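# Descriptive structure summary
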Amino acid sequence: MRHVLALLLALQCLTAALAQERRSGFDDMARETQAMQREDAANPAMLWVDEGAAIWSRPAGAQGLSCANCHGAAEASMAGIAARYPAWDEGRFTAIDLAGRIAQCREQRQHAPALARESEGLLALAAFIGLQSRAMPLAPPADGRLQATRAWGEALYRQRRGQLDLSCAQCHDDNAGRRLAGSTIPQAHPTAYPLYRLEWQGLGSLQRRLRGCMSGVRAEPFAYGAAEMIAIEAWLAQRAAGMAVETPGVRP
Amino acid sequence: MPSLKPLALLLALAGPALAEGLAEPLTAMEGDAGRGRAIIADRSRGLCLLCHSGPFPEERFQGNLAPSLAGVGARMSASELRLRLVDSRRVNPESIMPAYHRAEGLHRVAPALRGRMLLQAQEIEDVLAFLLTLREESP
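Before going into details, it helps to say that this report is about the structure given with it. None of these values were measured; they are calculated from a predicted model.

Our focus in this paragraph is the packing of aromatic side chains. All names here are of chain A. This model, assessed by the stated rule, comprises five aromatic pairs over all chains. Residues Trp48 and Tyr196 carry aromatic rings whose centres are separated by 6.1 Å and whose planes lie at 50 degrees to one another, so their mutual orientation is tilted. You can see Trp48 sitting in helix H3 (residues 45–56) and its partner Tyr196 sitting in strand S5 (residues 195–197), a full 148 residues away along the chain. Residue classification places Trp48 among the buried residues on the basis of a relative accessible area of 14%. A residue is classified by how much of its surface remains accessible, and Tyr196, at 13% relative accessible area, is buried.

Residues and elements named next belong to chain A. Taking 1.5 Å per residue, 13 residues should reach 18 Å; helix H11 (residues 227–239) reaches 18 Å between its end C-alpha atoms and fits that length. Among the 13 residues that make up H11, ten are buried, leaving the element largely enclosed by the rest of the structure. Looking only at H11, the buried set comprises Met229, Ile230, Ala231, Ile232, Glu233, Ala234, Trp235, Leu236, Ala237 and Arg239. Along its buried surface, H11 packs onto strand S2 (94–96), helix H8 (147–158), helix H9 (168–172) and helix H10 (206–216).

Next up on the list: the interface of chain B and chain A. Facing 29 residues of chain B, the contacting portion of chain A comprises 21 residues. Buried surface at the junction of chain B and chain A, summed over both partners, amounts to about 2,200 Å²; 52% is from carbon and sulfur atoms. Of all residues in chain B, Leu65, His107 and Arg108 of chain B give up the largest surface area on contact with chain A, accounting jointly for 30% of the area buried on that side. Our enumeration of links across chain B and chain A arrives at two salt bridges. Here Arg114 of chain B and Glu220 of chain A are joined by a salt bridge, their closest N and O atoms 2.7 Å apart. Grouping the amino acids of the side of chain B that touches chain A by side-chain chemistry returns 16 nonpolar, six polar and seven charged.

So, on to unusual backbone geometry. Residue and element names in this part refer to chain A. In this structure, Pro194 follows Tyr193 across a cis peptide bond, with omega equal to -5 degrees. For Pro194, the location among the structural elements is in the loop between strand S4 (183–184) and S5. Following Thr247, the chain continues into Pro248 via a peptide bond in cis, with omega recorded as 0 degrees. Among the structural elements, Pro248 can be located in the loop between H11 and strand S7 (249–251). One non-glycine residue with positive phi stands out, namely Asp165, at about 60 degrees. With a phi angle near 50 degrees, Ala181 is a residue other than glycine that sits in the positive phi range. We classify Ala181 as buried; its relative accessible area is 7%.

Residue and element names in this part refer to chain A. Judged by nonpolar contacts, the single largest core of 29 residues is most densely connected at Trp56, Leu98, Ile102, Leu125, Ile129 and Leu203. Of all the secondary-structure elements, those providing two or more residues to this core are H3, helix H6 (98–109) and helix H7 (120–131). At nine residues, H7 tops the list of elements feeding residues into this core.

Here we come to empty space enclosed by the protein. All names here are of chain A. Tallying each qualifying case throughout the model produces one cavity of 30 Å³ or more. In this structure, the largest cavity encloses a volume near 450 Å³. Lining the largest cavity are 25 residues; nearest its centre among them are Leu98, Tyr193, Pro194, Leu206 and Glu233. Every element with two or more residues in the lining of the largest cavity is listed here: H6, H7, H10 and H11. Counting residues per element, the lining of the largest cavity draws most heavily on H7, at four residues.

What follows covers the sheet that holds S5 of chain A. Residue and element names in this part refer to chain A. Judged by pairing direction, the sheet is mixed, and its three strands sit side by side in the order S6-S5-S7 without closing on themselves. Either end of the sheet is taken by a strand with one partner, and the two such strands are strand S6 (202–204) and S7. Put simply, the sheet's adjacent strands are angled 35 degrees from each other on average, direction ignored. Examined bridge by bridge, S5 and S7 share three bridges and lie parallel to one another. Bridging from a neighbouring strand, Tyr196 pairs with Val250 of S7.

All names here are of chain A. Under the criterion given, the structure shown has 23 salt bridges over all chains. Here Asp89 ties to Arg101 by a salt bridge, and the two come within 3.5 Å at their closest N and O atoms. Of this pair, Asp89 sits in strand S1 (residues 87–89) while Arg101 sits in helix H6, and the two are twelve residues apart along the sequence. Across this residue pair, the class does not change: Asp89 and Arg101 are buried. Arg145 is the partner of Glu90 in a salt bridge, and the nearest nitrogen-oxygen pair spans 2.9 Å.

Looking now at the packing of H10 of chain A against H11 of chain A. All names here are of chain A. Where H10 contacts H11, the axes come no closer than 11 Å and their chain directions differ by 105 degrees. On the basis of their axis angle, the class for H10 and H11 is roughly perpendicular. Contacts between H10 and H11 involve Leu206, Gln207, Leu210, Arg211 and Met214 on the former and, on the latter, Met229, Ile230, Ile232, Glu233 and Leu236. Classifying every residue of the contact of H10 with H11 gives seven nonpolar, one polar and two charged.

Right, let's talk about the side chain of Gln207 of chain A for a bit. Residues and elements named next belong to chain A. Note that Gln207 resides in helix H10. By relative accessible area, which is 1% here, Gln207 ends up buried. Separated by 3.5 Å, the side chains of Gln207 and Glu233 make a polar contact. Residues in contact with Gln207, not counting those within four places in the same chain, are Asp97, Arg117, Ala223, Tyr224, Gly225, Met229, Ile230 and Glu233.

Each value, and the rule that gives it
Per chain, residue numbering runs from 1 following the sequence as it is written. Just so you know, chain letters begin at A and ligand numbers begin at 1, following the order they were written in. Reporting of local features is limited, given that this is a predicted model, to residues whose pLDDT is at least 70; pairs of side-chain atoms are given and counted only at 80 or more, and all residues count toward the totals for whole chains, interfaces and linings. Each side-chain value is worked out from all heavy atoms of the structure, with water and hydrogens disregarded. Aromatic pairs are defined between Phe, Tyr and Trp rings, using the six-membered ring for Trp, whenever the two ring centres lie within 6.5 Å; interplanar angles under 30 degrees are classed as stacked, those over 60 as edge-to-face, and all others as tilted. Each helix corresponds to a stretch of at least 4 residues labelled H or I by DSSP, and each strand to a stretch of at least 2 residues labelled E; elements are numbered beginning at the N terminus. Burial classes follow relative accessibility: with a 1.4 Å probe on protein chains only, a residue under 20% of its type's maximum area counts as buried, one over 50% as exposed, and anything between as partly exposed. A helix is expected to span 1.5 Å multiplied by its residue count minus one. Note on contacts: a residue pair qualifies if any of its non-hydrogen atoms lie within 4.5 Å across the two residues. The buried area of a pairing is the accessible area, by a 1.4 Å probe, that goes missing from both parts when the two are put together, added over both. One side-chain nitrogen of Lys or Arg within 4 Å of one carboxyl oxygen of Asp or Glu is enough to make a salt bridge. Just so you know the grouping, Ala, Val, Leu, Ile, Met, Phe, Trp, Tyr, Cys and Pro go in nonpolar, Asp, Glu, Lys and Arg go in charged, and all remaining residues, Gly too, go in polar. By nonpolar core we mean a set of buried residues, namely Ala, Val, Leu, Ile, Met, Phe, Trp, Tyr and Cys, connected to one another through side-chain atoms within 4.5 Å. Residues are said to line a cavity or pocket when one of their atoms sits within 4 Å of a point; the points come from a 1 Å grid over protein atoms alone, cavities being sets where a 1.4 Å probe fits but cannot get out and pockets being open sets with protein on both sides within 12 Å along at least five of seven lines. Grid points are joined across faces, edges and corners, and a volume is the space filled by probe spheres set on the points. The pairing criterion is simple: DSSP has to find at least two bridges between the two strands. Angular values range over 0 to 180 degrees, each being the angle between N-to-C directions of two axes fitted as lines to C-alpha atoms, with helices fitted over their stretch in contact. Throughout this description, any angle smaller than 35 degrees is read as roughly parallel, any larger than 145 degrees as roughly antiparallel, any in the 65 to 115 degree range as roughly perpendicular, and the remainder as oblique. Any pair of nitrogen or oxygen atoms within 3.5 Å is treated as a polar contact; in protein, a donor-acceptor pairing is required on top of that, and neighbouring residues in sequence qualify only through side-chain atoms on both sides.

Have a look at this one:
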């Protein structure tokens, strides 16, 4: 009898632990949508990756430099890079996300026309660079200077906002796995961005997703590239540390 | 003096608002259950079915973040329901249910909606009138 009880107890602990395991939004998708992400030939995001590869080696700006002129083959120089962002920007002494870094290189090193947030060119480069980290574990830098940014991001994540007065944590920590009308609430891991969303019929960044959630609770979303956005991204990356990069993902 | 402390605590916990809810209707006009049902089912007005399920066979996607609305009219009085709708935080400060008739104390509301409540007084009474008709628990 005592053995059975002990076994039951152990089983209960195990199921509790499993229930709390981190899951990618991928795990909750319909099988057909999963197949789209799994097979590059079926993944519409690969069109952007191809475009990103073309931009990588295309000369631009006054000196006619391409990304490849400075960085060489992305397969080598960009492996694992996306898994480490947001990172510390030594130049501006603040946190910077991958899209911000790409835009910065483009303007300040390549001296080419700026790439706006959410422009096709920036999304394409981010998807191409992100692909070079696919299947690698998210590895936020140990850099202590990012600590304050992450803490701020966590506070923003836990703050109620909007007319519906809901925080990210109330949906994504407390109610993940439950159904908000027709959608299963994911745990909000940033592992697959930029990704192709069927609802958008296009590629979009993590910040576009976050703005969607903010509008959803009828809050004023933070602007693209805002320090608050980068702080939330840094917190989400920390929260998902060790999970595999899926970029470029697919979501419903 | 120390003996008063537990009493004060008890009073704070079981204040009149919590025990009886809001007995006073918000409007002179009686609530209309038909209009209330429509508000509940409307995903851009009531938003109720984002979180709740209930006896709305025509609505395919219903949430499961909250108890079913089936039978709620038998479980709770009109006063209790009114308080829940107006501001569920007064019942449970941790509640995720939005306050439908409170515009203060909110943060970063979309500019077009600032100062506006989720439902107007008459709409609260309409929703309430419909909830009171829900007397059967779901099977």
